[in-house]
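Now for the letters of each chain:
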Amino acid sequence: MDSAAKEYSLWHPVALASAVAQAPLGARLLNQAVVLWRDSAHQIHAWADQCPHRGAQLSLGRVCDDRLECPYHGWQFDGHGQCVHVPALPQFVPPATHTARTFSACERYGLVWVCLQADADPALIPAFAAETDAQLRTVNCGSYDVATSAPRIIENFLDMAHFGFVHDGWLGMRAATAIDDYTVESTPNGLRATQCKAWQPQSNVHSTAPAQVEYTYEVLAPYTAVLTKVPDAASVALQGFRESIGLFICPITPESSRVWFRLAMADFDSPDTKLQDFQHTIFMQDKPVLESQRPQRLPLDVRAEVHTAADKASSAYRRFLKQQNITFGVC
């Protein structure tokens, strides 16, 4: 692990919070095997998925009396990772060196977030502003396992020029693929693109007619982005409809990722499945193209791929990754 790289000090989503229940759950983040478990207070814990005794996967064990028990020799670890019981030596008092490696863990947006550093500040988890908007209803979509790097997925999310081809008849159409000029500015945590316009036959789940839709994109962290859009009211069946979509990515390996979308919409009546199905349709159109890109890691050398003015958001994103010393998933 290159601990000097920025991504290892950041928070990343690793699982749905609802997936971490009674039994330990194995996950993977930045090539690190992680075990997630809860204590009786429902507090989430994230540790290296490796017993310090003989290297067995702790995720194959069980939780008993607020202790995580190794499946191999039954060593038990308290909530701080300290071994407190060795069944083969009932009277043995394990020293401070007998500890599991612990990480920081927190729940946010229906997901478990992990930082591979201990005592990380949860306030540094990317802020999804729509989460606190009482006029929006939130629901998660995913997870999706994608055989490409997290930066490739973020860049696709920022890209409007593919709408008329990958999402023909949905977010775009081949007869209207021109991209008007838009504005990109740097922010303390990434970038913001405004005045992004696209002609869309069906821009959202409630669309009744094609419309020109204006997007705002924000990159909140190397592997987190948000888009907001407000369609023409005349093109939507639901009065006052607007939406914000968060893209949260777990970088599993440099060339594989797990993806969630957090949908925040002015719609409190539709079933979750209706909102999720629309997003699922759109991403399933993206997924095979994303997995076809070579290299799978995003090139940061400006000479590696060619660029146009329509790519200014993705070009700004690549510069941001380089400035932030991001090395995982890039080349």
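Computed from a predicted structure; not experimentally measured. (Residues numbered from 1 in each chain as written. Predicted model: local features only at pLDDT ≥ 70, side-chain atom pairs only at ≥ 80, totals over all residues. Heavy atoms only, no water.)

Here the focus is the packing of helix α1 (residues 150-158) against helix α4 (residues 312-323). At a minimum axis distance of 9 Å, the contact between α1 and α4 shows a crossing angle of 150°. Put simply, α1 runs roughly antiparallel to α4. When the axes of α1 and α4 are compared, the crossing they make is right-handed. Of α4, the residues touching α1 (which contributes Pro151, Arg152, Ile154, Glu155 and Leu158) are Ala313, Ser314, Tyr317, Arg318 and Leu321. Class assignment of the residues belonging to the contact of α1 with α4 gives a composition of 6 nonpolar, 1 polar and 3 charged. (Axes fitted to C-alpha atoms, helices over the stretch in contact; angles between N-to-C directions. Helix = DSSP H or I, 4+ residues; strand = E, 2+ residues; numbered from the N terminus. Parallel < 35°, antiparallel > 145°, perpendicular 65-115°, else oblique. Left-handed = near helix turned anticlockwise from the far one by under 90°. Contact = heavy atoms within 4.5 Å. Nonpolar A, V, L, I, M, F, W, Y, C, P; charged D, E, K, R; others polar.)

It is worth spelling out the nonpolar core at this point. Core analysis: the largest hydrophobic core is formed by 88 residues, its most contacted members being Val14, Leu36, Val114, Tyr217, Val259, Phe261 and Tyr317. Residue contacts for Leu36: discarding those within four places in its chain leaves Val14, Ala15, Val20, Ala23, Pro24, Leu25, Ala27, His45, Ala46, Val112 and Val114. Grouped together as the second largest cluster of nonpolar side chains are 13 residues, Leu68, Phe77, Cys83 and Ala100 included. (Core = buried A, V, L, I, M, F, W, Y, C linked by side-chain atoms within 4.5 Å. Buried < 20%, exposed > 50% of the residue type's maximum accessible area, 1.4 Å probe, protein only.)

The next subject is the pairing of strand β9 (residues 102-108). Consecutive side chains along a regular strand alternate between the two faces of the sheet. Pairing geometry for strand β4 (residues 44-48) and β9, over 2 bridges, is antiparallel. By the bridge assignment, Ala46 is partnered in β9 with Phe103. Pairing of β9 with strand β10 (residues 111-115) involves 5 bridges; the strand directions are antiparallel. Along β10, the bridge assignment pairs Cys106 with Trp113. Linkage of β9 to β10, two consecutive antiparallel strands, is achieved through a turn of 2 residues, within which Tyr109 is found at a positive phi near 60°. (Pairing = 2+ DSSP bridges.)

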